[in-house]
Amino acid sequence: MNNTSLLNSIRLPHLPTRGCDKKASAASQAVFAVVVFSLTVPATQMALAAFSPEFIAASRAMIAGVLAWFVVHINGWNFPEKRVIPWLLLAGIGVIAGFPYALSISLTHIPAADMGVVLAGLPLMTSLLASVIHSERHGIQFWTLSALGCGLLALYVVTNLGQLPQFEAQHLGLLLLTLALGGIGYSAGAKAAKVIGGWQTICWTLVIYLPLSALAWGYSWALEAEQLRRPMDWQPLAALIYLALFSQLWGFKFWYQALAQAGVGRISQLQLLQPFFTLAFISLMLQQSITAIQIVFCLLIVLTVMASMRVARP
């Protein structure tokens, strides 16, 4: 037997690298999406310098919706099957119709840095809603840690935001609504992404809501036409374009895809990095000082969420 025959006769054991590569790819996609989403708060704050919350929410949905329609048309995707439609509609209520508007309204009442701390509770809200949407059952440790995280978030709101002169009692409900809408959008979108993939999930969601987005955009434009025709700085316009192209469309391509590949429980842990990225971008872009209290509460909330996810049952 020559050397070539000898080498051909040797069968190496199969190494399970494909699964590891898939998880690594999902993690890298999720980290990229987290960085993209981290810029949403400072970009929204910049856009508010020239646009109303209603116009910002409608514009990012309409611009992203038109681009998503082109993506669907170019790829020739068939309309999603019936079992996926309810999850697309529910995801759209969260990440298209609800969260952008609630976030914009919230930033007219509280500073961006404080909003960055509040959004540290978004992974917690996502995990709580995922336990309902994805039928996950958890033990007493999970719910105890989740309650602790909610308590820390409430303590920060009462002790810090409650001291702001422009902060009123109804704004607390607005902050909770913002977190709930984000959690609904993430959890429901992950449910759809397991069937049709992440890219189709966000594109079809945007396309389904495009008529409503266009109607809302036209109404907002009519109300603010005179103001919008005035010369404005380039920063608010650039921020609005970023919100539409990246926060509303491109970021979700990678986020939903990562959730579909590696699971909500595992990938959502990477979202714990988002509050720290957000605070860093706020400091750099908006020149707002970040206080020690904000960092401490952000860290405590993140640690609580991390602990709750570790004890969560798959």
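Shown above is the structure to which this text applies.
Residues numbered from 1 in each chain as written. Predicted model: local features only at pLDDT ≥ 70, side-chain atom pairs only at ≥ 80, totals over all residues. Heavy atoms only, no water.

Chemist: So what about the nonpolar core? Which residues, and what values?
Modeler: Grouped together as the largest cluster of nonpolar side chains are 92 residues, with contacts concentrated most on M115, C203, W255 and Y256. At 12 residues, helix α12 (residues 234-262) tops the list of elements feeding residues into this core. (Core = buried A, V, L, I, M, F, W, Y, C linked by side-chain atoms within 4.5 Å. Buried < 20%, exposed > 50% of the residue type's maximum accessible area, 1.4 Å probe, protein only. Helix = DSSP H or I, 4+ residues; strand = E, 2+ residues; numbered from the N terminus.)

Chemist: Pulling in residues and values, what's your account of the packing of aromatic side chains?
Modeler: Applying the stated rule across the entire model yields 17 aromatic pairs. With a centroid separation of 6.2 Å and 25° between ring planes, the pair formed by F37 and Y186 is classed as stacked. Residue F37 is found in helix α2 (residues 17-38), and its partner Y186 is found in helix α9 (residues 169-196); the two are separated by 149 residues along the sequence. The two residues F37 and Y186 agree in class, both being buried. (Phe/Tyr/Trp six-rings, centres within 6.5 Å; stacked < 30°, edge-to-face > 60°.)

Chemist: Account for the packing of α9 against α12, naming residues and giving values.
Modeler: Where α9 contacts α12, the axes come no closer than 8 Å and their chain directions differ by 65°. With respect to α12, the axis of α9 lies roughly perpendicular. Every pair of crossing elements has a handedness; the one defined by α9 and α12 is right-handed. In this structure, α9 uses G185, Y186, G189, A190, A193 and K194 to contact α12, whose residues at the interface are F252, W255, Y256, L259 and A260. When its residues are assigned to classes, the contact of α9 with α12 shows 8 nonpolar, 2 polar and 1 charged. (Axes fitted to C-alpha atoms, helices over the stretch in contact; angles between N-to-C directions. Parallel < 35°, antiparallel > 145°, perpendicular 65-115°, else oblique. Left-handed = near helix turned anticlockwise from the far one by under 90°. Contact = heavy atoms within 4.5 Å. Nonpolar A, V, L, I, M, F, W, Y, C, P; charged D, E, K, R; others polar.)

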